[in-house]
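Notes for the structure review
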Amino acid sequence: MPKNITHKILEKHLVEGRPGETPEIGIRIDQTLTQDATGTMAYLQFEAMEIPRVRTKLSLSYVDHNTLQTGFENADDHRFLQSVAARYGIRFSRPGNGICHQVHLERFGVPGDTLLGSDSHTPTGGGLGMLAIGAGGLDVAVAMAGGPFFIPSPKVLNVRLVGQLPPWVSAKDVILELLRRLSVKGAVGKILEYSGPGVDCLSVPERATITNMGAELGATSSLFPSDGRTREFMEAQGRGDQWMPLAADEGASYDQTVEVDLSALKPLMAQPHSPDNVVPVADVAGAPVDQVCIGSCTNSSLRDLTIVATMLEGRRIHPKTSLVISPGSRQVLQMISRNGVLAALIAAGARILESACGPCIGMGQSPPSGSVSVRTFNRNFKGRSGTADAGIYLASPETAAACALTGKITDPRELGDPVEIDLPDRFEVDDSMILAPSAEPEGVEVIRGPNIKPLPRKEPLARSVIAEVLLKTGDNITTDDIMPAGAKILPLRSNIPAISQHLFEQIDPDFAGRAGRKGGGIIVGGTNYGQGSSREHAALAPMYLGVSMVLARSFARIHRANLINFGIVPVLLNDADYEMLERGMKLRADGLRDAVEGRTALEIIEESSGTRILGKLDLSERQSRILLAGGLLNYTRESV
Ligand code: MIC
Ligand code: SF4
């Protein structure tokens, strides 16, 4: 039977279940990656498994998020990560070497292999035909220990690209168009597989812009074929020997197909505060722009910065607009520092940051109050920039540069003839900022500074629960809403007691206090609860504060898995029950443990009115066992 690419890779890696037949499948993971903001927890969890060395083909630890060292905390974490990597057989990408997804694409991605990363944008690797998936740190720790990774059996959505991109329109506009059509929950439970004659006009970094932002659609992953363009990229990286072709068989079938005519696309922009709030740039043109940021794992390749510099060459940015550039990797920075691109950017008035996530995660460069910031990034959730009332717009590098020049939202087509760029056939390869693990691991001491606090543990699941609804949220609540990031809170990622005090801070400043006073409770959410990042702190902190269940109309994949991994029961509500529930109500679930064990519906009683709710659990047998054990760490220890 003809197969699509997704099924080819899944079958080669299948350990449990059958795609499309069993509700859940388990796959073998070839490579893992972590970044520093999720990595410290992942490695503490890996250490708790007491395994001497990682069992993957390749594991990488990157430092790219918490790079502002305004106190000892982040530096402590970096040192801990470096020592853990040396000890357990992990390569360590030093701070300054770049954003994990960009560096991994350049130096390590392999078509047809699997990659699991403790970051939701891990699917960037799909740009070169790698099945790359984002997950919580604990799932990555289990994969490093050689365990399979489980996902709900995915549906495959074929995105057929036809036509050619018109001048001034680029990869970012392709993914913004998909967000416009499908929304932030349009691809939950799906793997997007790109095909069609339009694929050929996209280079690997451009494809990676598209697969990266598949995360914003809620997709499990996104994949491009591995073809001549992939070979070209890998050869340019000096890795031609790792290339292999990968394409769907003639006549392969898909669960769904959408077609995008590239020739018909215009420059697009996501307006505040959601990546799917997409309109043509021309519709919002003219609004004053205070800040432009170019960078992030979505759009900071050599191609992207070269386009921007070519547009800015010999010109000055608008006096009221600040332009900030964060190159995606040291490779990109090194190359632009030699070929004149960096000089052109500096001459135009750009502020140059190190190769890291930086402003994308609110690690510096927060815009002024009430301002407009146009960014080439992938998320524009409210408050993520560090300025609660700023309006963040997401756009292509072309649109962003046009805005920086004019000081207002500008369709780049207004600038006249498109710019031409020449890219070299060889990238400058220098892996000296990637440290090999120690050859004598026993002698390596893992260094824990005072910022690294021990892992909190949880008891096995209680028989029953009586607790109050601490908070009721609307739809599409992000993990940034649940566990905010930014320069002030991110340094607490290795300190769960401290970071827990910031839970839901932006939407309900008293949440942590109330949870403490009540000794825990229940959260009620709308649809797509927990969309966005993979940060397991959005589950770990609720666990620490005694949250026993989250009742929601639907969940985002990674967050639901994280809740289960930390022993919090995710319960599906119907619309009427969701409407009825209010903050402050007391709920009782006498048969909690039995329902989880039997994987039946869960009866919940609202105490004051006696109203009965039947919540759906929708658990696989494995998930039920994890919850009963009090989380994945307890479960893994019990089962080894
Ligand atoms: C993000 O873009 O939100 C992050 C920061 O990279 C997160 C990971 C984290 O919270 O540490 C992600 O995307 O998973
Ligand atoms: Fe870093 Fe932003 Fe990419 Fe997350 S989305 S990995 S914060 S650059």
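A brief look at the structure comes next. (Residues numbered from 1 in each chain as written. Chains lettered and ligands numbered in written order. Predicted model: local features only at pLDDT ≥ 70, side-chain atom pairs only at ≥ 80, totals over all residues. Heavy atoms only, no water.)

**Quick notes on the overall build of the protein**
Helices and strands together make up the secondary structure of the protein, namely 23 helices and 27 strands. For 640 residues, the compact-globule formula gives about 26 Å, and the C-alpha radius of gyration of the protein, at 23 Å, lands near that figure. With the principal axes as the frame, the protein shows a C-alpha extent of 70 × 55 × 55 Å. In the protein, which comprises 640 residues, the share counted as buried stands at 65%. (Helix = DSSP H or I, 4+ residues; strand = E, 2+ residues; numbered from the N terminus. Rg over C-alpha atoms; globule rule 2.2 N^0.38 Å. Buried < 20%, exposed > 50% of the residue type's maximum accessible area, 1.4 Å probe, protein only.)

**What to know about the site of ligand 2**
All residues in the neighbourhood of ligand 2 are listed as His65, His101, Asp119, His121, Ser296, Cys297, Cys357, Cys360, Ile361, Asn378 and Arg384. A class-by-class count of the residues in the shell around ligand 2 yields four nonpolar, five polar and two charged. (Near = heavy atom within 4 Å. Nonpolar A, V, L, I, M, F, W, Y, C, P; charged D, E, K, R; others polar.)

**Remarks on the pattern of salt bridges**
As a working rule, side chains carrying opposite charge can pair if their charged atoms are close by. In this structure the tally under the stated criterion is 37 salt bridges. Lys57 is the partner of Asp30 in a salt bridge, and the nearest nitrogen-oxygen pair spans 3.8 Å. One end of the pair, Asp30, is in the loop between strand S2 (24-27) and strand S3 (31-34); the other, Lys57, is in the loop between helix H2 (36-48) and strand S4 (58-62), with 27 residues separating them in the sequence. The salt bridge partner of Arg303 is Glu398, with a shortest N-O separation of 2.7 Å. Of this pair, Arg303 sits in helix H10 (residues 302-312) while Glu398 is found in helix H13 (residues 397-406), placing the two residues 95 residues apart along the sequence. We classify Glu398 as buried; its relative accessible area is 3%. Here the salt bridges share partners, and the residues they tie into one network are Asp508, Asp510, Arg514, Arg517 and Arg583. (Salt bridge = Lys/Arg side-chain N within 4 Å of Asp/Glu carboxyl O.)

**Remarks on the site of ligand 1**
Asp119, Ser120, Arg493, Ser534 and Arg535 are the nearest of the 14 residues found near ligand 1. At 3.0 Å from an oxygen atom of ligand 1 is found a side-chain nitrogen or oxygen belonging to Gln35. Between ligand 1 and Arg379 there is a distance of 2.9 Å, counted from an oxygen atom to a side-chain nitrogen or oxygen. Coverage of ligand 1 by the protein chains reaches 97% of its 330 Å² of free accessible surface. (Polar contact = N/O pair within 3.5 Å; in protein donor to acceptor, adjacent residues only side chain to side chain. Areas by Shrake-Rupley, 256 points an atom, 1.4 Å probe, with all protein chains shown as cover.)

**A word on helix H19 (residues 557-565)**
Burial analysis of H19 places eight of its nine residues in the buried class, which makes it a mostly covered element. Every buried residue belonging to H19 is among Arg557, Ile558, His559, Arg560, Asn562, Leu563, Ile564 and Asn565, and all of these are buried.

**With respect to the packing of H2 against helix H5 (residues 137-144)**
Taken N-terminus to C-terminus, the directions of H2 and H5 make an angle of 45°; their axes are 8 Å apart at the nearest point. The orientation of H2 with respect to H5, classified from their angle, is oblique. In terms of crossing hand, the pair formed by H2 and H5 is right-handed. Of the residues in H5, those in contact with Ala42, Tyr43, Gln45 and Phe46 of H2 are Gly137, Leu138, Ala141 and Met144. (Axes fitted to C-alpha atoms, helices over the stretch in contact; angles between N-to-C directions. Parallel < 35°, antiparallel > 145°, perpendicular 65-115°, else oblique. Left-handed = near helix turned anticlockwise from the far one by under 90°. Contact = heavy atoms within 4.5 Å.)

**A look at the sheet that holds strand S16 (residues 322-325)**
Taken in spatial order, the seven strands make up an open sheet running S14-S13-S19-S18-S15-S16-S17, and their pairing is mixed. Strand pairing shows two members of the sheet lacking a second neighbour, strand S14 (278-280) and strand S17 (351-352), which therefore form its edges. Two elements, strand S15 (residues 291-294) and S16, share four bridges in a ladder whose sense is parallel. Counterpart to Gln291 in the pairing with S16 is Ser322. Its contacts with the sheet put helix H6 (residues 171-182) on strand S13 (268-270), S14 and strand S19 (391-395), and the angle it makes with S13 is roughly 60°. Of the strands in this sheet, S13, S15, S16, strand S18 (372-375) and S19 touch H13, which is tilted by about 150° from S15. (Pairing = 2+ DSSP bridges.)

**Looking at helix H7 (residues 204-212)**
Along H7, nine of the nine residues are buried, which leaves the element largely enclosed by surrounding structure. Contacts from the buried residues of H7 go to helix H4 (100-107), H6, strand S10 (190-195), strand S11 (221-223), helix H8 (228-236) and H10.

**Considerations on the packing of aromatic side chains**
Each aromatic ring pair is specified by the distance between its two centres and by the angle formed by the two planes. Applying the stated criterion across every chain yields a total of five aromatic pairs. When the centroid spacing of 5.3 Å and the interplanar angle of 85° are considered together, the rings of Phe46 and Tyr88 count as edge-to-face. Linking Phe46 in helix H2 with Tyr88 in helix H3 (residues 72-88), this pair joins segments that are 42 residues apart in sequence. This pair shows no difference in class: Phe46 is buried, exactly as Tyr88 is. Plain terms: the ring middles of Tyr194 and Phe224 are 4.5 Å apart, the flat faces sit at 0° to each other, and that makes the pair stacked. Of this pair, Tyr194 sits in strand S10 while Phe224 sits in the loop between S11 and H8, placing them 30 residues apart in sequence. For the pair Tyr194 and Phe224, a shared accessibility class is recorded, and that class is buried. Against the face of Tyr88 rests Arg87, its NZ or CZ located 5.8 Å from the ring centre. (Phe/Tyr/Trp six-rings, centres within 6.5 Å; stacked < 30°, edge-to-face > 60°. Lys NZ or Arg CZ within 6 Å of the ring centre and 35° of its normal.)

**A word on the side chain of Ser396**
Residue position: Ser396 is located in the loop between S19 and H13. Judged by its relative accessible area of 0%, Ser396 falls in the buried class. Discounting chain neighbours no more than four positions away, the residues touching Ser396 are Ser170, Lys172, Asp173 and Thr376.

**Topic: the nonpolar core**
Within the largest apolar cluster, 103 residues are counted, with the highest numbers of intra-cluster contacts made by Met549 and Leu551. The dominant element in this core, judged by the number of residues it contributes, is H5, at six residues. In this structure, Val279, Ile336, Ala348 and Ala350 belong to the second largest nonpolar core, which totals 58 residues. (Core = buried A, V, L, I, M, F, W, Y, C linked by side-chain atoms within 4.5 Å.)

**Digging into the packing of helix H22 (residues 621-629) against helix H23 (residues 632-639)**
Running from N to C, H22 and H23 point in directions that differ by 100°, and their axes come no closer than 7 Å. Comparing their axes, H23 and H22 come out roughly perpendicular. Here Arg622, Arg625, Ile626 and Ala629 of H22 lie close against H23, whose contacting residues are Leu632, Asn634, Tyr635 and Glu638. Of the residues that constitute the contact of H22 with H23, the class distribution is four nonpolar, one polar and three charged.

**Here's the deal with the sheet that holds S4**
Read from one edge to the other, the open sheet built from six strands follows the order S7-S6-S3-S4-S5-S20, with strand pairing classed as mixed. Edge positions in the sheet fall to strand S7 (131-134) and strand S20 (434-435), since each has one partner strand and no second. Note: strand S6 (residues 114-117) against S7, four bridges, orientation parallel. Among the inter-strand pairings, Thr114 is bridged to a residue of S7, identified as Leu131. Lying over the sheet, H5 contacts S3, S4 and S6, oriented at roughly 145° with respect to S3.

**Overview of unusual backbone geometry**
Backbone geometry follows two general trends: most residues other than glycine have a negative phi, and most peptide bonds adopt the trans configuration. At the junction of Pro272 and His273, the peptide bond is cis and its omega measures out at -5° in the coordinates. You can see His273 is positioned in the loop between S13 and S14. For Phe504, which is not a glycine, the phi torsion comes out positive at approximately 55°. Relative to the helices and strands, Phe504 resides in the loop between helix H16 (496-500) and helix H17 (511-518). Look at Asp618: it is not a glycine, yet its phi comes out positive at around 55°. Relative to the elements of secondary structure, Asp618 occurs in the loop between strand S27 (612-615) and H22.

Read these as spatial facts, not as claims about activity.
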